[in-house]
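Here's the letter readout for the chains.
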Amino acid sequence: MTVADELTPETPEAESEEPIKQRKNGLYPGVSEELAENMKSGWADTELRDLQPIPQAAETAARRAALSARFPGERLVIPAGNLKTRSNDTEYAFRASVEYAYLTGNQTEDGVLVLEPKGEGHEATIYLLPRSDRENGEFWLSGQGELWVGRRHSLTEARTLYGIPASDVRELADKLREATGPVRVVRGYDAGIEAALTDKVTAERDEELRVFLSEARLVKDDFEIGELQKAVDSTVRGFEDVVKVLDKAEATSERYIEGTFFLRARVEGNDVGYGSICAAGPHACTLHWVRNDGPVRSGDLLLLDAGVETHTYYTADVTRTLPINGRYSEIQKKIYDAVYDAQEAGIAAVRPGAKYRDFHDAAQRVLTERLVEWGLVEGPVERVLELGLQRRWTLHGTGHMLGMDVHDCAAARVESYVDGTLEAGMVLTVEPGLYFQADDLTVPEEYRGIGVRIEDDILVTVDGNRNLSAGLPRRSDEVESWMASLKG
């Protein structure tokens, strides 16, 4: 008899558990009773008793308090999400939902934060999978058991780390089915939790919860700003790593650049914050070039758009357009300097009290002036801007909010975001670009195939702004000197 046969739902020890599934083509057809019994005992006590709260525990508590105040008397359910299958029985690396991580600091799959109405506020509980069960063999037989994927924190440990009472998530769905009163859930992460609430929630009310949590992240607290600076600092080192190995990239492909930056991201952070864009030559004109399988040639430009994500999920988002041989050609410099001037104008427009759109408008005006000056589009400048004719070559908006998502706060209301006003503590990118497609017959041949973007991460301060990514040079002559020093 195997353990899987023994622990059927009818067995008392497993009334609420599914039997552990064996692989169809596993080399062991089953588990003897003797081995099953042997595996239950002889293990040391590994409970961690000297844990300290996570660094952001005070911040996550304040965020939950703000959420509680916004939705008094309502049960709020915020899931982390579940593992997603990559292929057959392998999964993608898990990344908890931003809403859940923002409110708890926890990053484990299947977790759920529930705020239960109590008095004038709420009582928070974090629902998690407990330690792997050694009685039923889950810890060594299940593909998600700790001998396969690593140890989970116990519920007692979790309470210490996150400052929230912790319970077994396997009991939550039944509790939610029996729940009464108004409920809201963040949708799109946990189908099982949503199914348990299907007759208790509405799409409109749930969207209000999602929007609130998105807008709550518009202004960063001190912890978040510190994490973003860490992400940027690691990203600067990643760009330096790339410059040092451009000769190896020339001998291989853009993949060498991608792999080089990824190494820095994994060593110093959690991951890259998004798919790195390592676009050499005309690939720079493809805004989200993430195939990274093209050649790297001396004389071309490399548009590198990449960011390290910290262990707390905050990501940098920086772009530099570098001459692969270390020197810009005359036409490359002409285009690069125009983008640099546009970025300078955009950054200068970032300050508290300014309209969010101001930095975009300032950068677009400079780029449009150059396009008219070069004879690529007929002026006057005001006419071009009114009709948006410059967009053939500028293509995208000049920036976005930055934080736990590379395009952070995306669910915020338009009036709070793109039509809103900048406040101290906001962090955004300023990233103008010019892109002359290789097949664009409306521009002289010397322009074709050149794409330039310069992007920095800008913190709005009480008296203006601070460039978090100032550690990377931007001016064309400074870029050349920086590259020469690294290669030397």
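Note that residues are indexed from 1 along each chain, following the sequence as it is written. Since the coordinates come from a predicted model, pLDDT governs what is reported: local features require at least 70, and pairs of side-chain atoms require 80 or more to be given and counted, while whole-chain, interface and lining totals use all residues. Hydrogen atoms and water are omitted, and side-chain values are computed over all heavy atoms in the structure.

Next up on the list: the UniProt feature "domain: Aminopeptidase P N-terminal" (unreviewed entry) in the protein chain. UniProt positions are given in the numbering used here, feature names are shortened, and annotations may be inferred rather than shown by experiment. Here the UniProt-annotated "domain: Aminopeptidase P N-terminal" (unreviewed entry) positions come out as residues 55–194. Helix makes up 34% of residues 55–194 and strand 22%. Its end C-alpha atoms lie 31 Å apart. The secondary structure listing takes helices from DSSP runs of H or I that are at least 4 residues long and strands from runs of E that are at least 2 residues long, numbered from the N terminus.

One recurring pattern in soluble globular proteins: nonpolar side chains tend to sit buried together. Throughout this description, the term nonpolar core refers to a set of buried Ala, Val, Leu, Ile, Met, Phe, Trp, Tyr and Cys residues connected via side-chain atoms within 4.5 Å. Partly exposed residues are those whose accessible area sits between 20% and 50% of the maximum for their type, while under 20% is buried and over 50% is exposed, using a 1.4 Å probe and protein chains only. Counting residues in each nonpolar core, the largest one holds 91 residues, and the members touching the most others are L67, I78, I257, I335, W374, L434 and F436. Core analysis: the next-biggest nonpolar cluster, separate from the first, contains 17 residues, V350, M401, Y417 and I458 among them.

Mapped onto the elements of the fold, F139 is located in helix 5 (residues 138–141). We classify F139 as buried; its relative accessible area is 0%. Placed 191 residues apart in sequence, F139 and E330 show a C-alpha to C-alpha distance of 64 Å. Should any heavy atoms of two residues lie within 4.5 Å, those residues are considered in contact. Sequence-distant contacts of F139, that is, excluding residues within four places in its chain, are made with M39, W43, S132, D133, R134, G145, E146 and L147.

Moving on, we come to the packing of helix 14 (residues 330–348) against helix 15 (residues 358–373). Note on geometry: axes are C-alpha line fits, over the in-contact stretch for helices, and angles between N-to-C directions span 0 to 180 degrees. Direction vectors running N to C along helix 14 and helix 15 enclose 150°, while the axes themselves pass 7 Å from each other. With respect to each other, helix 14 and helix 15 are oriented roughly antiparallel. Crossing of helix 14 over helix 15 shows right-handed handedness. Only F359, A362, A363, V366, L367 and R370 of helix 15 make contact with helix 14, whose side of the interface consists of D337, A338, V339, D341, A342, A345 and G346. Residues are grouped as follows: Ala, Val, Leu, Ile, Met, Phe, Trp, Tyr, Cys and Pro are nonpolar; Asp, Glu, Lys and Arg are charged; every other residue, Gly included, is polar. Residue classes in the contact of helix 14 with helix 15 are distributed as 9 nonpolar, 1 polar and 3 charged. An angle below 35 degrees is read as roughly parallel, one above 145 as roughly antiparallel, one from 65 to 115 as roughly perpendicular, and any other as oblique. In this scheme the handedness of a crossing depends on how the near helix is turned from the far one: anticlockwise by less than a right angle means left-handed, clockwise means right-handed.

Looking now at the packing of helix 3 (residues 57–70) against helix 10 (residues 203–215). Across the interface, helix 3 lies against helix 10 with an axial gap of 11 Å and an inter-helix angle of 140°. Considered as vectors, helix 3 and helix 10 are oriented oblique to each other. Viewed along their axes, helix 3 and helix 10 form a crossing whose handedness is right-handed. Contacts between helix 3 and helix 10 involve A66, L67 and R70 from the first element and L209, F212 and L213 from the second. Residues belonging to the contact of helix 3 with helix 10 are distributed by class as follows: 5 nonpolar, no polar and 1 charged.

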